[in-house]
Amino acid sequence: MNWLRDHSQDTICAQSTASGEGAIAVVRVSGPKALVVTRSLAAFLPEFPESHKIYFGYLKSRSNQDLDQVLVSYFKQGHSFTGEETLEINCHGSAALVNQVLAELIYFGARAADRGEFTFRAFMNGKIDLVQAESVLALIQSQSLEMAFEAGRQLKGGLSVKLEEIEKNVLFCLAHLEANIDFSEENIQSISPTDLARKGFDIAHEIRALVTSFERGNILAGGCQVAIVGMPNAGKSSLFNLLAREERAIVTEVPGTTRDSIEFKFNLGGRLVSFIDTAGIRQAAETIEKKGIEKTFLWIDRAHLIFYVVDSGLGLQEGDLEILKKIDLSKVILIFNKSDLIADHQLFADQMLCWLEISGIDSKLLLKPGFLLTSALNESDLNVIEQWLTSTLVQKTGQEPTIVQRRHFELLVQALEKIEMACTKIIEGESPEISAFFLYESLSSIHQIQGKSVTDDVLDRIFKEFCIGK
Amino acid sequence: MKFHFDIVVVGAGHAGVEASLASARLGHKTLLISTNLDKISGMSCNPSVGGLAKGHMVRELDILGGEMGKAADETCLQFKRLNSSKGPAVRGTRMQTDKEKYSRRMGEVVRAQENLSVLEGEVKKLELLGCECFGVVLQDGSVVRSKCTIITTGTFMNAVMHVGFEQTSGGRVGEPATHGLSDQLAAFGFKVQRLKTGTPPRLNRQSIDFSKTIEQWGDQTFYPFSFGSERQFKLQQVPCFLSRTTDQTHEIINKNLNKSPLYCGIIEGVGPRYCPSIEDKVVRFKEKTSHQTFLEPESLETDLIYLQGISTSLPRSVQDLFIRTIPGLENVRFERYGYAVEYDFVEPQQIFHSLETRPIKNLFLAGQINGTSGYEEAAVQGLIAGINASARVSHRSPLVLGRSQAYIGVLIDDLVTKGTQEPYRMFTSRAEHRLVLREDNTIDRLADVAADVGLVPEGRQQAMFGVRESRSALLKELGNQKLYPNELTQKKLLEIGSSVLLKSISYKDLLRRPEINCSHLKGLGFDHQSDILSDPNINDSVEIEVKYDGYIKRQNELIGQAAKFEETLLPVDLDYLSLLGLSAEEREKLNRVRPRTLGQAQRISGVNPSAIQSLLIFMRTRTAKETLLGKSKTRS
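This write-up is about the structure you can find in this document. (Residues numbered from 1 in each chain as written. Chains lettered and ligands numbered in written order. Predicted model: local features only at pLDDT ≥ 70, side-chain atom pairs only at ≥ 80, totals over all residues. Heavy atoms only, no water.)

Here we look at the sheet that holds strand β18 (residues 334-336) of chain B
Residue and element names in this part refer to chain B.
- Read across the sheet, 6 strands follow the order β14-β15-β16-β17-β13-β18 without closing on themselves; strand pairing throughout is antiparallel. Edge positions in the open sheet fall to β14 (214-216) and β18, since each of these has one partner strand only. Between one strand axis and the next, the sheet turns by 35 degrees as a mean value, whatever way the strands run.
- When β14 meets strand β15 (residues 240-244), the two strands line up antiparallel, connected through 3 bridges. Each residue of the ladder has a partner; that of isoleucine 214, found in β15, is leucine 242. (Pairing = 2+ DSSP bridges. Helix = DSSP H or I, 4+ residues; strand = E, 2+ residues; numbered from the N terminus. Axes fitted to C-alpha atoms, helices over the stretch in contact; angles between N-to-C directions.)

Things to note about the packing of helix α13 (residues 432-450) of chain A against helix α18 (residues 549-567) of chain B
- At a minimum axis separation of 12 Å, α13 of chain A and α18 of chain B run at an interaxial angle of 30 degrees. Note on packing geometry: the crossing formed by α13 of chain A with α18 of chain B is left-handed. Taken together, the residues of α18 of chain B that come into contact with α13 of chain A (itself represented by Ile434, Phe437, Phe438 and Glu441 of chain A) are Tyr551, Arg554, Gln555 and Leu558 of chain B.
- Per-class residue counts for the contact of α13 of chain A with α18 of chain B are 5 nonpolar, 1 polar and 2 charged. (Left-handed = near helix turned anticlockwise from the far one by under 90°. Contact = heavy atoms within 4.5 Å. Nonpolar A, V, L, I, M, F, W, Y, C, P; charged D, E, K, R; others polar.)

A word on the interface of chain B and chain A
- Counting residues at the interface gives 67 residues for chain B and 56 residues for chain A.
- Counting the surface lost from both chain B and chain A, the interface buries some 5,400 Å², and carbon and sulfur atoms represent 60% of this.
- Here chain B is connected to chain A by 2 salt bridges.
- Salt-bridge contacts for arginine 554 of chain B lead to glutamate 441 of chain A; the nearest nitrogen and oxygen are separated by 2.5 Å.
- At the junction of chain B with chain A, the criterion picks out 11 residue pairs in polar contact (both at pLDDT 80 or more).
- Those elements giving two or more residues to the side of chain B that touches chain A turn out to be α7 (278-284), α18, α20 (598-603) and α21 (609-635) of chain B.
- Here the side of chain B that touches chain A gets 11 residues from one element, more than from any other, and that element is α21 of chain B.
- Counted by class, the side of chain B that touches chain A contains 27 nonpolar, 22 polar and 18 charged residues. (Buried area = accessible area lost by both parts, 1.4 Å probe. Salt bridge = Lys/Arg side-chain N within 4 Å of Asp/Glu carboxyl O. Polar contact = N/O pair within 3.5 Å; in protein donor to acceptor, adjacent residues only side chain to side chain.)

Put into structure tokens, the structure is as follows:
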């Protein structure tokens, strides 16, 4: 069984400026109901706004609370980026606020956009020319490749594993319901409705845990914060850029270039991680840099993890040792950067750890294995760090994966709703095809998160589970 | 010697008979060729027609103008509505039929059919010119020319029967296999593979001690398959008998597995998982110490008893031993031993939805040759092949039923899209739009299609439209008329066992109450023609529409959401291998299946939603390019 849905008529919304903290964030709403949905929050908009005009007012939540003072631009159908009726809400750049605005838009009938969906719609509506089509394709391809890649590297307990488990359990319930329909003459032993409903509620419980992980992990905590700390010019910004896969921090040969902290968030195997590039710590000359360094110490306190970056060419210096003495070492890993400058890595590492001991710093407190060697230049360094981070996060945050994408959150809420419906129908003694109907809807939502098309899994399950044969 | 026909049908099983009748009734000169004209529409295995999801297909076939439903109604020995305690969508009609009478009746219909000739003989090969089929060549070298050819050879192509280690050429006991055709297809480049199926022993009724079994009767109320059949049994109804295998049975089977061709690697074809042999069941489900078996009479005219559930290919000597351990069968006489049969089938991803083959024009395949199993699956394919071969001859576009329209649509789309690795049988769980594909609403779904096809006689067609209109009129009236809470009404409601009204409601809302059905309405003051209200042809379906309204609406919403994809046709010449945004696996699969629509593309296993986006983008690009080209042409 397989349901294919056409989502092209949905009204979608998403933050269209880069995620993370900024002064201003833009939330885009696009689709046939864009105006209707937005007006539910922005009552100040006229019923027939003028295209390309900016309106000013307060956004209000469904409980009539003021959310923010905003500017809303209106683009009529055919005259926007996507070619659909579009509204752009300029609000203040706090992540919590943006999330709340999106939640309200979804409440009033929009849905969270898939990645690249605005561009996709722009193309489908002829707003992007043919040459650009290929880049859209590349985007879609890279998305699926990334998904495959992510799925591949998910450690035990990751999101995809959890989803597979949920999928498997839904299939189990379906197999029992379907066997009772298609093979009712076969004298098979399927589990009782009570047990089936109990199984269903267990699945609902699992899904609910994921749903709440979104609220906990994304809106409140903002994910795991990793501060990149070290002496000036140790290569913190180069490392940050490598992790961010783009030039976000300015890298120069001049020590003390990073005056303020820069943050970058990304999704590592279903977990939200933010890296913070901090100003290098030294006895600074000027006030601006001093302020930056003060902020660094704030981050050292707040961060869940610290990458302490050391220039391998210089080794651990007095300054490093002084700082390390002040930090809670149980959240620190040393990154010996520019390791291409040293010949014997093992010897070097042994020397460094020995020096720590002599200075009265217990290197055993450091996060295992104590240090990583990088040159801050290539992909293999990136893999080393990300692998380390993933396994450390699993240990630190437990086995529970976290939902970070709003679209996933929304689909899980639907899956949850349908599975609870199915359980209710089972308990009420409704005919099995009705309960199955809701379970298929639930399964379809799970499959959408997995980016997967459906196969004959249910029949396969039935044949594995039951002795069937006329 | 040369013959000329519009359409030639090879094989006179359930597919061949429906195909040739459809073609002849549509006015085309048709020839039906079979190696054994005494066995027209023979039931090679179980003596029943219908069942879950299969009953649905028989009704669909009947509305479209097929013959199977009528024949089953007339030869029914026991009637059962399966899943009668469950929801209307998953109830299924099954009839045990008299095999002898069934086959004889079909033979009479075929012989009496205008435009239809029959010929006994073996087809050795197709008459091909390039990639087009112009008829067939018989064993004596004579050629039959035709505009279209339909192959429905069932389990006969290169067929081998197994009983223990003994192998005989043949597709059915006493009937030799046919050779030549599948080798020719394979040589042409078709992917031809092996499947396996099996059948249980046939026993002599006189030698069975029925006192050790449990008698099983059918239902009293008869719901015939065919629209227009009388709701009365034509034949005397008979019981089946339930018995079970014992510890001893399992012991003997386990001890003799080394004599089973299945377990010694002799049989290479894949058998159906839903219909395993008894040796399979004993091996795979060790924890089950007993399996049930039904003793089913095959005919009023013979003493043959079919031993349902005990299909086997163990040697005769072993069958002699283990069958006699089943209570009631201690002294049983075998009329025929169980056997397995292996046969060639053509991988169905090589045919179009019309059932015409992709590689060879004017050649259609239907039935087990496409990897299916079951009389009903075969019959509906035969009908569609007959209709579409006729369409080809008269230059009309082929009939393709949608997945939300009929189980027949699901069957063919599954075969063409996914292919099959085992004999394909229909299940209700294969139909994602199951809630709207019910037995009761077959007329509503297919009366228009039937009128377009033109197989159904005018009078019958009008009667079908009449029923459909009466249903919608009744439905409308139920919404319009209201029931008011007064003393009399409340009293009557309580009498029926329902609850009193708090405010006035429509009769439609009243009918939503589980305890209320159409027969109560008249007494509660509903004003409508009595004969319509009491006609089960009309009120059954209306009641269901009302009671399941919510679910049906939601199902229709889902169908609507998928409609865009089902309606977006993909170009036949699309070069999937060079298309961007697809994985290697997706390219290969799309290229092999060459889906007709975007919806079908999405159903191919291993083709992910991202690939569908890529296809959408490609199609958009293509339209844009064509527009540009069009413009530049007008400019120059």
